[in-house]
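# Report on the structure
Okay, here's what each chain looks like letter by letter:
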Amino acid sequence: MKTYAIYSLKGGVGKTAAAVNLAYEAAAAGKHVLLWDLDPQGAASWYLGVDSSPEMSAKRIVSGKEALGRHVQATEHDRLSVLPGDRGYRDWDAQIHAAKQPRKVLESLIEPFSESYSVLVLDCPPGIGALATSVLRAADRVLVPTVPTPLSLRALDEVLEHVDDKKVGKTRVTPFFSMADRRRKMHREMIESPPDIMKKAPKTFIDYSTHVEQMGAHRAPVRAFAPRSRAAAQYKALYKEIR
Ligand SMILES: Nc1ncnc2c1ncn2[C@@H]1O[C@H](COP(=O)(O)OP(=O)(O)OP(=O)(O)O)[C@@H](O)[C@H]1O
Ligand SMILES: [Mg+2]
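Being a predicted model, the structure only gives us computed values, none of them experimental.

### With respect to the overall build of the chain
A tally of helices and strands in the chain yields 12 helices and 7 strands. The C-alpha radius of gyration of the chain comes to 17 Å, within 12% of the 18 Å expected for a compact globule of 243 residues. Taken along the three principal axes of its C-alpha coordinates, the chain extends 50 × 40 × 25 Å. Out of the 243 residues belonging to the chain, those deemed buried represent 47%. Pairs at least 24 residues apart make up 79% of the contacts formed inside the chain by residues separated by at least 6 positions.

What follows is the structure, given as structure tokens:
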């Protein structure tokens, strides 16, 4: 099982949009995919037409008392299942911090899923606490959506420093440009001559797109309702580069 985390220190940068669309692309490519929505807001689950699971608690999950598998729900999309987000996820950081081996918490929790799935996508809430550290350790690849602005790059820098500090270097941190608006000079310039920190980034970037915005109205990944859109093509190309 290959585990992708979609993570950023920053909120509202397109993590959930990427998680849902990349999970969909992996499933469309024939993989058996589980998306674990780690965000208490449950947006990824909602986009996939799945309602949050009643009474999940980070405490029970971290302590190993919760049989996670029974909360997995199928979606209407072939080979794509969801472990829904829930309000009970609000105190992930505190619960993981209190665990015996905080950094390994997520690794142990996801291990059993490797029997049934070949791809696991983790949609993470923003922030840089114990959950983030555990995610950085558990994921084979950490995708960081980065808006082409100085502030976003600064946040990426902070993530990379955190990775160094916590010695979770085995994971591959892969930033990619997200919500790029080529009408804006700053975005254009940054995409055309990317800073060093984006050197390892995939060639594909995700444009600012009304189709991505419409995911909320359709409660579906872009390609499911706008297969010929540029956004659908970009998520497909991004998946090809990172798979
Ligand atoms: N490429 C895009 N083009 C246009 N709008 C986008 C794009 N990506 C995301 N959005 C919109 O921006 C908002 C935030 O996106 P999203 O929820 O994916 O970000 P996030 O990083 O997961 O946010 P949070 O930190 O709250 O979890 C949403 O309203 C979404 O529809
Ligand atoms: Mg999100």
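### Observations regarding the pairing of strand E4 (residues 80-83)
Side chains of E4 alternate between two faces, with Leu80 and Val82 and Ser81 and Leu83 buried alike. The sheet contact formed by strand E2 (residues 33-37) and E4 spans 4 bridges and is parallel. Looking at E4, one finds that Leu34 is bridged to Ser81. Judged from the 2 bridges that link them, strand E3 (residues 73-74) and E4 form a sheet pairing that is antiparallel.

### Some words on the sheet that holds E4
Judged by pairing direction, the sheet is mixed, and its 7 strands sit side by side in the order E3-E4-E2-E5-E1-E6-E7 without closing on themselves. With one partner strand each, in any of the chains shown, E3 and strand E7 (172-177) form the two edges of the open sheet. Pairing of strand E6 (residues 141-146) with E7 involves 6 bridges; the strand directions are parallel. Residue pairing in the sheet places Pro145 in a bridge with Phe176 of E7.

### A few points about the environment of Pro194
With respect to the helices and strands, the residue Pro194 is situated in the loop between helix H8 (185-192) and helix H9 (210-213). Taking the C-beta count within 10 Å as the criterion, Pro194 has 17 such neighbours and is therefore assigned partly exposed. Along the sequence, Pro194 and Pro148 sit 46 residues apart, while their C-alpha atoms lie 8.8 Å from each other.

### With respect to the site of ligand 1
Not every one of the 18 residues close to ligand 1 is listed here, only the nearest: Gly11, Gly14, Lys15, Thr16 and Ala17. Broken down by secondary-structure element, the contributors of at least two residues to the shell around ligand 1 are helix H1 (15-28) and H9. A total of 3 residues in the shell around ligand 1 trace back to one element, the largest contributor, which is H1. For the shell around ligand 1, the class distribution of residues is 9 nonpolar, 6 polar and 3 charged.

### Focus on the packing of H1 against helix H12 (residues 230-242)
In the contact formed by H1 and H12, the axes pass within 9 Å of each other and the chain directions differ by 70°. Between H1 and H12, the angle falls in the class roughly perpendicular. Judged by the sense of rotation from one axis to the other, the crossing of H1 with H12 is right-handed. Seen from H1, the contacting residues are Asn21, Leu22, Glu25 and Ala26; seen from H12, they are Tyr235, Lys236, Leu238 and Tyr239. Grouping the constituent residues of the contact of H1 with H12 by class yields 5 nonpolar, 1 polar and 2 charged.

### Quick word on unusual backbone geometry
Even without glycine at this site, Lys167 takes up a positive phi of about 50°. Tracing the sequence through the fold places Lys167 in the loop between helix H7 (150-165) and E7. Of note, the phi angle at Met179 is positive, near 55°, even though the residue is not glycine.

### Brief notes about the environment of Pro145
Tracing the backbone shows Pro145 in strand E6. In this structure, the C-alpha to C-alpha distance between Pro145 and Gly127, residues 18 residues apart in sequence, is 14 Å. Once residues lying within four places of it in the same chain are set aside, the contact partners of Pro145 are Ile6, Ser8, Val13, Gly14, Lys15, Ala18, Phe176 and Ser178.

### Topic: H1
In this model, H1 (14 residues) spans 20 Å end to end at C-alpha, consistent with the 20 Å of a helix rising 1.5 Å per residue. A positive backbone phi angle near 100° is found at Gly30, which sits one or two residues after H1.

Parameters and conventions
- Residues numbered from 1 in each chain as written.
- Chains lettered and ligands numbered in written order.
- Predicted model: local features only at pLDDT ≥ 70, side-chain atom pairs only at ≥ 80, totals over all residues.
- Helix = DSSP H or I, 4+ residues; strand = E, 2+ residues; numbered from the N terminus.
- Rg over C-alpha atoms; globule rule 2.2 N^0.38 Å.
- Buried ≥ 20, exposed ≤ 12 C-beta atoms within 10 Å, placed from the backbone.
- Contact = placed C-beta atoms within 7 Å.
- Pairing = 2+ DSSP bridges.
- Near = placed C-beta within 6 Å.
- Nonpolar A, V, L, I, M, F, W, Y, C, P; charged D, E, K, R; others polar.
- Axes fitted to C-alpha atoms, helices over the stretch in contact; angles between N-to-C directions.
- Parallel < 35°, antiparallel > 145°, perpendicular 65-115°, else oblique.
- Left-handed = near helix turned anticlockwise from the far one by under 90°.
- Expected span 1.5 Å × (residues − 1).

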